[in-house]
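The residues making up each chain are set out below.
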Amino acid sequence: MNITLRVWRQKSRHETGHFEEYEAHDLNPNMSFLEMLDVVNEQLTKAGKQPIAFDHDCREGICGMCSCVINGEPHGPENKVATCQTYLRSFKDGDTITVEPFRAAGFPLVKDLVVDRSAFDRIMQAGGFISVNTGNAPDANAIPVGKEIADQAMDAAQCIGCGACVAACKNASAMLFVAAKVSHLNLLPQGQPEKSKRALAMVNQMDEEGFGACTVTGSCEAVCPKGISLSFISKLNRDYLGAMLFR
Amino acid sequence: MKLNSQIPGGPLAQKWTNYKDHIKLVNPANKRKYDVIIVGTGLAGGSAAATLAELGYNVKSFCIQDSPRRAHSVAAQGGINAAKNYQNDGDSVFRLFYDTIKGGDFRAREANVHRLAEVSANIIDQCAAQGVPFAREYGGTLTNRSFGGAQVSRTFYARGQTGQQLLLGCYSAMCRQIGAGTIKMYPRTEMLDLVIVNGQAKGIVTRNLVTGKIESHSADAVVLATGGYGNAYYLSTYGRGSNATAIWRAHKKGASFANPCFTQIHPTCIPVSGDYQSKLTLMSESLRNDGRVWVPKKKGDKRAPGEIPEDERDYYLERKYPAYGNLAPRDISSRAAKQVCDEGRGVGESGLGVYLDFGDAINRLGRKVVEERYGNLFDMYHEITHENAYEQPMRIFPAIHYTMGGLWVDYNLMSNLPGLFVIGEANFSDHGANRLGASALMQGLADGYFVLPYTIANYLATQKPGSRPKADTAEFKAAEKDVADRLNKLLGIRGKKTITEFHKQLGKILWEHCGMARNKAGLEQALKLIPTLRDEFWNNVNVPGEGGDLNQSLERAGRVADYLELGELIVTDALARDESCGCHLREEHQTPEGECQRNDAEYAYAAAWEFTGVGAKPNLHKEPLVYESVQLAERSYK
Ligand SMILES: Cc1cc2nc3c(=O)[nH]c(=O)nc-3n(C[C@H](O)[C@H](O)[C@H](O)COP(=O)(O)OP(=O)(O)OC[C@H]3O[C@@H](n4cnc5c(N)ncnc54)[C@H](O)[C@@H]3O)c2cc1C
Ligand code: FES
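Source: prediction; values computed, not measured.

### Description of the overall build of chain B
For chain B, the count of helices and strands is 17 helices and 19 strands. Taking 638 residues into account, the globule formula puts the C-alpha radius of gyration at 26 Å, and chain B, at 24 Å, falls close to it. Taken over the C-alpha atoms alone, chain B extends approximately 75 × 60 × 50 Å along its principal axes. Out of the 638 residues belonging to chain B, those deemed buried represent 60%.

Pasting the structure below:
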């Protein structure tokens, strides 16, 4: 199949960006979207031009590195997959596809399709942990965790930290990410001692990083490659309000 | 150079305890006077960074991804072993130790492996306390599954995302220390050289991947936790960024490289579908708990799998290895798959594939249970192949997956260069000639949480606090210049071939001549092809862009240049090891059934190679493997 790509090119955050068009021919529908970018980059290199910078690593939807907005949607047209798990069979021969970086105030651009998501790390550093030094742990079976609770915690813990939720939100809010991270730990018995402190610290850091307010429109859940549920946002709100009350 | 493995005295089961009772310690007030560099934030580097910082050392941590949470360990699916015996099925420290030694075909160091088995139980405790959401029974206790090469259920897991959850555990512990200021984190920063001062490793030179800035960092000790080098083969199950650069540059500075030819080929990956393919995807070994592997009995049988009746199917693993069946170890299962494909019984368009069939499991357990156990893997298979594995068997084929070889380390996990420690997949220590499933996560976390924090003190205590060099001495300046010169050289070639073209060519040479089966003639041919390709690379590669900003082509070029040197060492090692063991099948040495024929009299050693120059023959140093507690036996899974 043949595809026309309109790709956002921007040398750095300090320069203006623009779209450039590239033709990609003889593509196989079983090729992944990133493999198509590989092909285009080979073409550009051979033509003496600059290849497109884009983030990727595992190429199997788990590291959270890949981050493209494809035809206006973070991670493209399919539900519950990351950019790297998007295949050309989701497009038609002759399509024009527009590719942009995740755009949000909290994610400054680095180059082309690459953005800086270190704000997520700083939110985690504010409280996304259980304070237990190596060597301090009791026997793992000494703290029973009911299967339902363990499963729910796992549902939240699956977040790959890609930032698609932020890119999809009209306010560029990071609530779904923070909700997933807080809920994972706050659901578990091990997370109880620091439950309130954690919710407060992570929400405050999120605000400091310049992410917008959450109005629960659900666009984040819709694009999340792991299908993290909006219900975790309600849980975070409860934990946060509880923490404010008893501060 | 003399290799001293520093194995402590005493009976095997007491060595680690004795060692801990007698090593040198660093007192709490002195710990903060030491800086430790840790390169890599996977399970090994992440756990080490967090633990050393908790103890009071100043840690500088480096990774190439934009966040430490994205290290390649994140992709591990199936699980982590530990000798907890929660299932009451006869597991013990000794059994885990023995399975690992036997799994490695008696080519690992006994004392290290026993220590690994001893600390394995603590890992699960630590991770559970951090909030890792391991799979649980309804009563709230932890549950287990089985992995290859074991007859007990000792594998702990978090759905199909065990590596991710364990890594997020390490990462959260790191975050706590980064927030506290005891770890300074350098993401998107690549180590490009090791700096030696007065014979000891005292720092590194890095390139900031966003700005291109070359910088030096000094420390009292350097720890490499940079993962495996399987991407030398181009197609593999590794993340695209996984690379050998840090360990290779350390090797060129004097660190010995041990058993480079021990590369694991995993039996259950999605087969190659086209030339455009950029990586191969693993289907976790855990699937072999319930999936049955088969091919048609008849050659060239093109019928759809559903149309092939039961008695015309060859469940070859169950047939050949009845005691372990579908859970035969990886090297053996991969080779068996290759054999049936060589016989013309492979399936799929290319004939390079075998079936992994869940039909029986679905009949026995119901689709819902199968979905609960492996749902995300079935989804992943569907995304990639567009086939539904609930209705038709998966097609799988072996692929490069892990490297047992790596930098040589002693019992302290220190290389032959004083002050340079190597942990996780980057070292060679625990898995011999074949690693068992779910044991890499165990080793990474054992090294980082429970071994290095003790052994590094034994070294640091010999270094005067405050004696580390500044990062602007002549040694650092010289290393910075070497790094800059090399980058400029790559950028200056402006040849006609792309980096990928060279990488694919190298991968093909290695896969063909140093893959699942190896022989003298093929290896000798590879030793001619690789240097020629390397020369061509340095004259004709096209590396676009500049050095002063984010340049992913330049990053890749540096890594491929290193593979072109390392590839030659892999083949040299394979040629020198004129026996078969584990993953290393030399066709000249096999049993009539096509199994490995070891030669313990001549090859019961770890081969540690010393660098003598690019293209020059490296020096071989042998560390004899002395077995005090186990008997070298034929490795049988029948
Ligand atoms: C698909 C897949 C599934 C697997 N499943 C399992 C499983 O179920 N069970 C199991 O036990 N094992 C499994 N393994 C193996 C296991 O995941 C790895 O062996 C292990 O995670 C390696 O951990 P590590 O900490 O040594 O290195 P890695 O996790 O590879 O981390 C390497 C780190 O080094 C950094 N780095 C590399 N080079 C440089 C440089 N030059 N400068 C700066 N930083 C650098 C990287 O950024 C990264 O942080 C699997 C492997 C794969 C590929
Ligand atoms: S590249 Fe890892 S999630 Fe896409």
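### Observations regarding the pairing of strand 12 (residues 292–296) of chain B
A regular strand carries its side chains on alternate faces of the sheet. All names here are of chain B. With four of its five residues buried, strand 12 lies for the most part within the structure. Pairing of strand 12 with strand 14 (residues 354–357), which is carried by three bridges, proceeds in the antiparallel orientation. Considered in strand 14, the bridge of W294 is made with Y355. Pairing analysis gives two bridges linking strand 12 to strand 13 (residues 313–314), with the strands arranged antiparallel. Following the sheet pairing, V295 is matched in strand 13 by D314.

### Things to note about the interface of chain A and chain B
Opposite the 66 residues of chain A that make contact, chain B presents 61 residues. Secondary structure elements with two or more residues in the side of chain A that touches chain B: helix 1 (33–46), strand 6 (109–111), helix 2 (118–127), helix 3 (147–157) and helix 5 (175–187) of chain A. Along the lines of polarity and charge, the residues of the side of chain A that touches chain B split into 30 nonpolar, 22 polar and 14 charged.

### Here we look at the packing of helix 3 of chain A against helix 5 of chain A
All names here are of chain A. Direction vectors running N to C along helix 3 and helix 5 enclose 160°, while the axes themselves pass 8 Å from each other. The orientation of helix 3 relative to helix 5 falls into the category roughly antiparallel. Both helix 3 and helix 5 take part in a crossing whose hand is left-handed. Across the interface between the two elements, I149, Q152, A153, A156 and A157 of helix 3 pack against A180, S183, H184 and L187 of helix 5. Partitioning the contact of helix 3 with helix 5 into residue classes produces six nonpolar, three polar and no charged.

### Description of the domain arrangement of chain B
Frequently, the measure chosen for interface size is the accessible area that the parts lose on association. Residues and elements named next belong to chain B. Each assigned domain of chain B is listed with its residue range as follows: domain 1 (32–264 + 402–460), domain 2 (266–396) and domain 3 (474–599). For domain 2 and domain 3, the distance between their C-alpha centres works out to 31 Å. Contacts between the two partners involve five residues from domain 2, matched on the other side by six residues from domain 3. Here the residues of the side of domain 2 that touches domain 3 are counted per class, giving no nonpolar, two polar and three charged.

### What to know about the domain arrangement of chain A
Residues and elements named next belong to chain A. Each domain of chain A was delimited in the assignment, giving domain 1 (3–111) and domain 2 (118–245). Centre-to-centre separation of domain 1 and domain 2, based on C-alpha positions: 29 Å. Listed per partner, the contact involves 18 residues of domain 1 and 17 residues of domain 2. Residue composition of the side of domain 1 that touches domain 2, by class: ten nonpolar, five polar and three charged.

### Observations concerning the sheet that holds strand 19 (residues 619–624) of chain B
All names here are of chain B. A sheet is described by the order of its strands in space; here four strands give the open sequence 16-10-18-19, paired in antiparallel fashion. At either margin of the open sheet sits one strand with a lone partner, and together these are strand 16 (406–407) and strand 19. As paired strands, strand 10 (residues 257–258) and strand 16 are joined by two bridges and run antiparallel to one another. What sits directly across from A258, in strand 16, is G406. Contacting strand 10, strand 18 (605–610) and strand 19, helix 16 (residues 552–576) crosses the sheet at an angle of about 140° to strand 18.

Reading the values: the criteria
Residues numbered from 1 in each chain as written. Chains lettered and ligands numbered in written order. Predicted model: local features only at pLDDT ≥ 70, side-chain atom pairs only at ≥ 80, totals over all residues. Helix = DSSP H or I, 4+ residues; strand = E, 2+ residues; numbered from the N terminus. Rg over C-alpha atoms; globule rule 2.2 N^0.38 Å. Buried ≥ 20, exposed ≤ 12 C-beta atoms within 10 Å, placed from the backbone. Pairing = 2+ DSSP bridges. Contact = placed C-beta atoms within 7 Å. Nonpolar A, V, L, I, M, F, W, Y, C, P; charged D, E, K, R; others polar. Axes fitted to C-alpha atoms, helices over the stretch in contact; angles between N-to-C directions. Parallel < 35°, antiparallel > 145°, perpendicular 65-115°, else oblique. Left-handed = near helix turned anticlockwise from the far one by under 90°. Domains from an automatic or database assignment.

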